Amino acid sequence: MTRPNRAIQRYLAVIIVSLTLVACSRVELAYENADWLGAWQIGDYLDLTTEQRDRLRDGLAAYQQYHRQNRLPDINAYLDRVDTVLATPEPEKADVDALFIDGEQIVRTNVTDVIPLAAELLRELDAGQIEALQATLAEGRETYIERLLVDQEQRAIERTQDWVGPLEISQRTQLTECVAAMPDVSEEWQAWRRQTEEDLITLLHNDAPQAEVESFLQGWLLEDAARSPVLQDYRQTSRALWRRCTHRLLTTLTPMQRAQARERLAGYRGDLETVASR
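Basis of the calculations
Residues numbered from 1 in each chain as written. Predicted model: local features only at pLDDT ≥ 70, side-chain atom pairs only at ≥ 80, totals over all residues. Heavy atoms only, no water. Helix = DSSP H or I, 4+ residues; strand = E, 2+ residues; numbered from the N terminus. Buried < 20%, exposed > 50% of the residue type's maximum accessible area, 1.4 Å probe, protein only. Contact = heavy atoms within 4.5 Å. Phe/Tyr/Trp six-rings, centres within 6.5 Å; stacked < 30°, edge-to-face > 60°. Lys NZ or Arg CZ within 6 Å of the ring centre and 35° of its normal. Salt bridge = Lys/Arg side-chain N within 4 Å of Asp/Glu carboxyl O. Expected span 1.5 Å × (residues − 1). Axes fitted to C-alpha atoms, helices over the stretch in contact; angles between N-to-C directions. Parallel < 35°, antiparallel > 145°, perpendicular 65-115°, else oblique. Left-handed = near helix turned anticlockwise from the far one by under 90°. Polar contact = N/O pair within 3.5 Å; in protein donor to acceptor, adjacent residues only side chain to side chain. Patch = residues over 30% accessible without salt bridge, like charges linked within 9 Å, V, L, I, M, F, W, Y side chains within 5 Å. Areas by Shrake-Rupley, 256 points an atom, 1.4 Å probe, with all protein chains shown as cover. Lys, Arg positive; Asp, Glu negative; His and termini not counted. Charge placed at Lys NZ, Arg CZ, Asp CG, Glu CD. pLDDT = per-residue confidence, 0-100.

## Describing the overall build of the chain
For step 1, the next point in the chain: A count of helical and extended segments in the chain gives 13 helices and zero strands.
For step 2, the next point in the chain: Ordered by position from the N terminus, the helices and strands of the chain form the series α-α-α-α-α-α-α-α-α-α-α-α-α.
For step 3, the next point in the chain: Per-residue burial over the chain gives 50% buried out of 278 residues.
For step 4, the next point in the chain: Across the chain, the fraction of contacts at a sequence separation of at least 24, relative to all contacts at a separation of at least 6, is 83%.

## Considering the packing of aromatic side chains
How two aromatic rings sit relative to each other is set out by the distance from centre to centre and by the angle between their planes.
For step 1, the next point in the chain: The final tally for this structure, using the stated rule, is two aromatic pairs.
For step 2, the next point in the chain: Pairing Phe 216 with Trp 220 gives two aromatic rings, centres 6.2 Å apart and planes at 65°, and the pair type is edge-to-face. Here Phe 216 and its partner Trp 220 are both found in helix α11 (residues 210-222), four residues apart, which amounts to about one turn of the helix.
For step 3, the next point in the chain: The ring of Trp 163 carries Arg 264 above its face, with NZ or CZ at 4.7 Å from the centroid.

## What to know about the pattern of salt bridges
For step 1, the next point in the chain: Under the definition given, this model contains 12 salt bridges.
For step 2, the next point in the chain: Across the pair Arg 123 and Asp 207 runs a salt bridge, and its minimum N-O distance is 4.0 Å. Separated by 84 residues along the polypeptide, Arg 123 in helix α6 (residues 93-123) and Asp 207 in the loop between α10 (186-205) and α11 bring together distant segments of the chain.
For step 3, the next point in the chain: Taking relative accessible area as the criterion, Asp 207 reaches 52% and is therefore assigned exposed.
For step 4, the next point in the chain: For the salt bridge of Arg 193 with Glu 197, the shortest nitrogen-to-oxygen distance reads 3.0 Å. Remark: Glu 197 and Arg 193 occur in helix α10; sequence separation between them is four residues, near one turn of the helix. Both residues of the pair, Arg 193 and Glu 197, count as buried.
For step 5, the next point in the chain: One salt-bridge network, in which partners are shared between bridges, spans Glu 104, Asp 224, Arg 235 and Arg 239.

## What about helix α8 (residues 152-164)?
It helps to recall that an α-helix has 3.6 residues per turn; residues three or four apart then point in one direction.
For step 1, the next point in the chain: Here α8 spans 18 Å end to end across 13 residues, near enough to the 18 Å set by a 1.5 Å rise per residue.
For step 2, the next point in the chain: Residues Arg 155, Ala 156, Ile 157, Thr 160, Trp 163 and Val 164 constitute the buried set of α8.

## As for the packing of α6 against α11
For step 1, the next point in the chain: It is the contact of α6 with α11, at a shortest axis distance of 9 Å, that shows an interaxial angle of 135°. Considering their axes alone, α6 and α11 lie oblique with respect to each other. Relative to α11, the crossing made by α6 is right-handed. Contacts between α6 and α11 involve Arg 108, Val 111, Thr 112, Ile 115, Pro 116, Ala 118, Ala 119, Glu 120, Leu 122 and Arg 123 from the first element and Gln 210, Val 213, Glu 214, Leu 217, Gln 218, Leu 221 and Leu 222 from the second.

## Some words on the side chain of Arg 258
For step 1, the next point in the chain: Turning to its location among the elements, Arg 258 is positioned in helix α13 (residues 255-276).
For step 2, the next point in the chain: A distance of 3.0 Å separates a polar atom in the side chain of Arg 258 from the backbone oxygen of Leu 253.
For step 3, the next point in the chain: Apart from residues no more than four positions distant in its own chain, Arg 258 is found in contact with Leu 86, Ala 87, Thr 88, Pro 89 and Leu 253.

## What to know about a negative patch on the surface
For step 1, the next point in the chain: Together, Asp 151, Glu 153, Glu 158 and Asp 162 give the surface a local cluster of negative charge.
For step 2, the next point in the chain: Relative to the helices and strands, Asp 162 resides in helix α8.
For step 3, the next point in the chain: Here Asp 162 falls in the partly exposed class, since its relative accessible area comes to 47%.

## A few points about the confidence of the model for the chain
For step 1, the next point in the chain: For the chain, per-residue confidence averages 81 on the pLDDT scale, and 81% of positions sit at 70 or higher.
For step 2, the next point in the chain: Low pLDDT, under 50, characterises residues 1-40; the predicted model gives this stretch 120 contacts beyond four residues in sequence or across chains.

See the structure below:
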């Protein structure tokens, strides 16, 4: 499957990684990550013609320039706040909560930016491309859920250690307890995602207008109301749980762990600036 310009994709990937790093383990965004990332990896899901691929590349290049001027300053200001929290031995819970809230809003803004381009490309697909998209989405859903459900506690620990270095026993216990407290909505999510994919394919086969496809993508990727009550409750529960757990973990970090996390953050910021300057 053909991919658009890799430098642009790396730029977009660095953005979302940078914005979600405040939660040392990103388990709290597990199901949302699958959909947010999908908005920025549309080229991986579509079997595009050369002409379509060129338009995608040009569209993402234009967005990269727009993002550099209009979104990057806010992201850098946000990352400054993340660095301040990481440098603080006992950060206030209100400050950690604000990072979650504001970080999610920044991600929503960036995803919203690329929805028109995604909708435009989707509407151009012919019948064969639509069928290929349906198969790719289904395969991706099944692979993702299989990976998500395996060793969740260990993956949370490993991701956190990627940021702060080796964890103390008490910190590992905290993370394990947080993961265990998460509701299991995997079956509900799979059913909702499967139905959402079917609805998208129907829209495309019916040649839905641009505004309708954009509205559909907005709901799928970003709106709680587009989900079932169970998944809406899950989102609220997971947000509250991981704000609390992240604050609790941050207050236990040693000076060395905080220094390593700040160094890792600086590395991501450097990557973001490097790719943005191209």
